[in-house]
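# Structure assessment
Okay, here's what each chain looks like letter by letter:
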Amino acid sequence: MLPAPARSALFVTTEMTDFVKTGGLGDVAAALPRALRATQDIRVLIPAYPCVLAKARSIVWEGSTHAFAGLPETLIGRLQTDDGLTVYVVHQPALFEREGSSPYVSPIGGDWSDNAVRFATLSYAAAQIAAGQAGLDWHPDVLHLNDWPTALAACYARWHGHATPTVLTLHNLAYQGLFQQTMRPALGIPRHATEMEFHGYMSFLRAGLVHADYVTAVSESYAHQIVLPAHGMGLHNLLEKKAVQGRLTGILNGIDPTWNPAVDPALAEPFSADRMATRVATSERMRTEFGLDASRGPLFAFVARLVHQKGIDMVCDAAPQIVAAGGQLAVIGCGDVTMERDVARLARRFPGKVGAHIGFDDAMARRMFGGSDFLLMPSRFEPCGLSQMYAQAYGSLPIAHATGGLIDTIEDGVTGLLFQQPTVAGLRQSLQRAFRIFEEPALLSAMRRAAMLERHDWSGPARQYASLYALAAPTRAAA
């Protein structure tokens, strides 16, 4: 395949691990633009949260957007990351300078009540930049949008007659940006815009899907699943239409090259597929951090948000089996308050056998990948999943429900274990397999080596996105 012609693209996101992260989007927003910039003039747009302003060395304020309907005016600033990536920030203190570490949720829990205005403002700014109406000396050939908070940019572009083509990436279809219809005037939504309608609410995501030129899902399997009622979250008919038109594709995420146990400073000792002896030092440190006893049994880890989607309830139900068979379990994450309590209660029930850290610590999570024998991922659905790839790179074998990107990245019995139904029974059967594998050192070593030799870098996905940009850009003339 010939290399795609260079395009300019604006990658619009609400998270970027350089500044703020609540999930996989933050990692993708940090890695994909960097992988693309070798062939594309790609720049990032993100709200000017306090953490962004605090970490920026300097910001040049060089553009603005005017007030529109009930959306306030904004300033557009430009900063450079240490490695030279250009990031634009949307400065609107009343909307984005909030306490807390999440872009979406207040410190006391629950979504911010004005999230519709907040992310409509971000989307409107993206559309204005694309139209060359934000006062910048640059505008993109392609708008690359991510999930519901930025999806409305595709709508504003079309409603205002701008022809910049859009690519909308679905990281998780379960979150659709649903708001009351009474918000329509404040957001400047035209009366004829029936594409916003979704079971009596406005849906940012549905409207963005209608107007996006191309839609991507973050794995091939997820792209196939979301056109079906079971996984389409009520949008399967619209997505099926996109697929029939050749405008829905699956592009598997990659992982950042810093996920390398040979150079990761978070680990107790560096190791690699050819030098595994020092891996035990990280296992020992992990046991100490989680208050686990010294043990010759397998060490299981769960690294994810403590929410129903991730199957933490199944892990809690299966934990007694792990302990009874001589294994140990370490859990890190935060999320649903009830599930946080269940995890804490489990650790108290099995002291020295089950450890828990409610919250998130990146270095600790890396040690969990580098010190555990198996990673538990019983997700009920998983658009892509990154943790299984992190685990494989660090020699921990993922045990996962066969769904979405987990199907695309785990070879059952070779680089991990898959079970077909998202049930405790399915998880328990895989746990039995895991214990048998652990009792055969040669098999465990072979699977661990196969997992570590898997390639999950961004070079392939970057080529696919560059080709998609080249397909999308000619639609400007057609529009």
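Presented here is an overview of the structure given in this document. Keep in mind it's a predicted model, so treat the numbers as computed, not measured.

What follows is about the layout of surface pockets. Summary: where empty space remains is shown by rolling a probe the size of a single water molecule over the atoms. Volume-wise, the second largest pocket comes out at about 500 Å³. As for the second largest pocket, its lining consists of 21 residues, and the residues nearest its centre are Val280, Ser283, Asp373, Phe438 and Arg448. Elements with a minimum of two residues in the lining of the second largest pocket: helix H10 (279-289) and helix H17 (441-452). Counting residues per element, the lining of the second largest pocket draws most heavily on H17, at six residues. Grouping the constituent residues of the lining of the second largest pocket by class yields nine nonpolar, five polar and seven charged.

All right, on to the pattern of salt bridges then. Here the structure, examined in full by the defined rule, presents 21 salt bridges. Aspartate 27 is the salt-bridge partner of lysine 21, the closest N and O atoms lying 3.0 Å from each other. Under the relative-accessibility criterion, lysine 21 is labelled partly exposed at 32%. A relative accessible area of 14% places aspartate 27 in the buried class. A salt bridge links lysine 310 to glutamate 382; the nearest nitrogen and oxygen atoms lie 3.0 Å apart. Here lysine 310 is found in the loop between strand E13 (299-303) and helix H11 (312-324), whereas its partner glutamate 382 is found in the loop between strand E16 (374-377) and helix H14 (387-393), with 72 residues between them in sequence. Take lysine 310 and glutamate 382: they sit in the same class, and that class is buried. Connected through salt bridges with shared partners, the residues Asp18, Arg34, Arg37 and Asp83 form a single ionic network.

With that settled, consider empty space enclosed by the protein. For the structure on display, the rule yields one cavity of 30 Å³ or more. Computed from the structure, the largest cavity encloses a volume of approximately 40 Å³. If you go around the largest cavity, the residues you meet are Asp27, Val28, Ala31, Gly254, Ile255, Asp256, Leu386, Tyr390 and Trp458. Here the lining of the largest cavity gets three residues from one element, more than from any other, and that element is helix H1 (residues 24-36). By residue class, the composition of the lining of the largest cavity is six nonpolar, one polar and two charged.

The subject of this paragraph is unusual backbone geometry. Phi at aspartate 147 is positive, roughly 65 degrees, even though this residue is not glycine. Relative to the helices and strands, aspartate 147 is located in helix H5 (residues 147-159). Judged by relative accessible area, aspartate 147 falls into the buried class, the value being 11%. In the Ramachandran plot, methionine 233 falls in the positive-phi region, its phi being about 50 degrees despite a non-glycine side chain. For methionine 233, the position within the fold is in the loop between helix H8 (220-225) and helix H9 (236-244).

Further remarks concern the pairing of strand E11 (residues 214-217). Where burial is concerned, the two faces of E11 agree: the one with Tyr214 and Thr216 and the one with Val215 and Ala217 are both buried. Here strand E7 (residues 166-170) pairs with E11 via four bridges, running parallel. Residue pairing across strands places threonine 169 opposite threonine 216, the latter belonging to E11. Direction of pairing for E11 relative to strand E12 (residues 248-250): parallel, over a ladder of three bridges. Within E12, the position partnered with alanine 217 by the bridge is glycine 250.

What follows deals with the packing of H11 against helix H16 (residues 424-438). Put simply, H11 and H16 touch, their axes get as near as 10 Å, and they point 40 degrees apart. By the angle class used here, H11 and H16 are oblique. Judged by the sense of rotation from one axis to the other, the crossing of H11 with H16 is right-handed. Together, Met314, Val315, Asp317, Ala318, Gln321 and Ile322 of H11 and Val424, Leu427, Arg428, Leu431, Gln432 and Phe435 of H16 make up the contact between the two elements. Of the residues in the contact of H11 with H16, the class split is eight nonpolar, two polar and two charged.

Cut-offs and rules
Residues numbered from 1 in each chain as written. Predicted model: local features only at pLDDT ≥ 70, side-chain atom pairs only at ≥ 80, totals over all residues. Heavy atoms only, no water. 1 Å grid on protein atoms, 1.4 Å probe; cavity = no way out; pocket = protein on both sides within 12 Å on 5 of 7 lines; lining within 4 Å. Points joined across faces, edges and corners; volume = space filled by probe spheres on them. Helix = DSSP H or I, 4+ residues; strand = E, 2+ residues; numbered from the N terminus. Nonpolar A, V, L, I, M, F, W, Y, C, P; charged D, E, K, R; others polar. Salt bridge = Lys/Arg side-chain N within 4 Å of Asp/Glu carboxyl O. Buried < 20%, exposed > 50% of the residue type's maximum accessible area, 1.4 Å probe, protein only. Pairing = 2+ DSSP bridges. Axes fitted to C-alpha atoms, helices over the stretch in contact; angles between N-to-C directions. Parallel < 35°, antiparallel > 145°, perpendicular 65-115°, else oblique. Left-handed = near helix turned anticlockwise from the far one by under 90°. Contact = heavy atoms within 4.5 Å.

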